[in-house]
Amino acid sequence: MMNSQKSTEDYLEAMLMLKEKRGFIRSVDVANLLGVTKPSVSYATKRLRENGYITMDESSFITLTPSGMEIADRIYTRHKTLTDFFTRLGVDEALAREDACKVEHDLSEETFQALCRHVSTIL
């Protein structure tokens, strides 16, 4: 099974992306975005609710809590920054997004901040 922290970050990031794109978050849209089954999303949302990262209303719309939003925003910012960096290096955009997704979870905060400083000096 996938690393629990990475899975949590992936789900929260996907939820933030859906919120920005559509204005709302539904489990079915999370499943489609991540390419996972509805039962997988049900299990994940239960875990995310138990950990205080999301709430769900009676219509099953999902809302990120402040702690969930903090994690989602941090990972999504890393994703966008790394994708941009890789495309500026000449990497195809689709591959850059895929690689950013792999790196965003494992890169230390120190290395990420150094990369951000470096990028800001060359732009």
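Refer to the structure above for everything that follows.
Summary of the structure given here.

**A word on the environment of leucine 16**
Here's step 1: By secondary structure assignment, the location of leucine 16 is in helix 1 (residues 4–22).
Here's step 2: The spatial distance from the C-alpha of leucine 16 to the C-alpha of histidine 79 is 12 Å, given a sequence separation of 63 residues.

**As for the packing of helix 4 (residues 66–88) against helix 6 (residues 109–122)**
Here's step 1: Running from amino to carboxyl end, helix 4 crosses helix 6 at an angle of 50 degrees, the nearest separation of the two axes being 11 Å. Taken as axis vectors, helix 4 and helix 6 run oblique relative to one another. Here helix 4 runs over helix 6; the crossing is left-handed. On the side of helix 4, the interface is formed by Thr77, Arg78, Thr81, Leu82 and Phe85, while helix 6 contributes Glu109, Phe112, Leu115, Cys116, His118 and Val119.
Here's step 2: Broken down by class, the residue content of the contact of helix 4 with helix 6 amounts to six nonpolar, three polar and two charged.

**Regarding the packing of aromatic side chains**
Here's step 1: Counted by the stated rule, this structure contains two aromatic pairs.
Here's step 2: Pairing phenylalanine 24 with phenylalanine 61 gives two aromatic rings, centres 5.8 Å apart and planes at 90 degrees, and the pair type is edge-to-face. With a gap of 37 residues between them, phenylalanine 24 in the loop between helix 1 and helix 2 (27–34) and phenylalanine 61 in the loop between strand 1 (54–56) and strand 2 (62–64) connect regions that are remote in the sequence.
Here's step 3: Here phenylalanine 24 falls in the partly exposed class, since its relative accessible area comes to 32%.

Rules behind the numbers
Residues numbered from 1 in each chain as written. Predicted model: local features only at pLDDT ≥ 70, side-chain atom pairs only at ≥ 80, totals over all residues. Heavy atoms only, no water. Helix = DSSP H or I, 4+ residues; strand = E, 2+ residues; numbered from the N terminus. Axes fitted to C-alpha atoms, helices over the stretch in contact; angles between N-to-C directions. Parallel < 35°, antiparallel > 145°, perpendicular 65-115°, else oblique. Left-handed = near helix turned anticlockwise from the far one by under 90°. Contact = heavy atoms within 4.5 Å. Nonpolar A, V, L, I, M, F, W, Y, C, P; charged D, E, K, R; others polar. Phe/Tyr/Trp six-rings, centres within 6.5 Å; stacked < 30°, edge-to-face > 60°. Buried < 20%, exposed > 50% of the residue type's maximum accessible area, 1.4 Å probe, protein only.

By themselves, these figures tell us nothing about what the structure is for.
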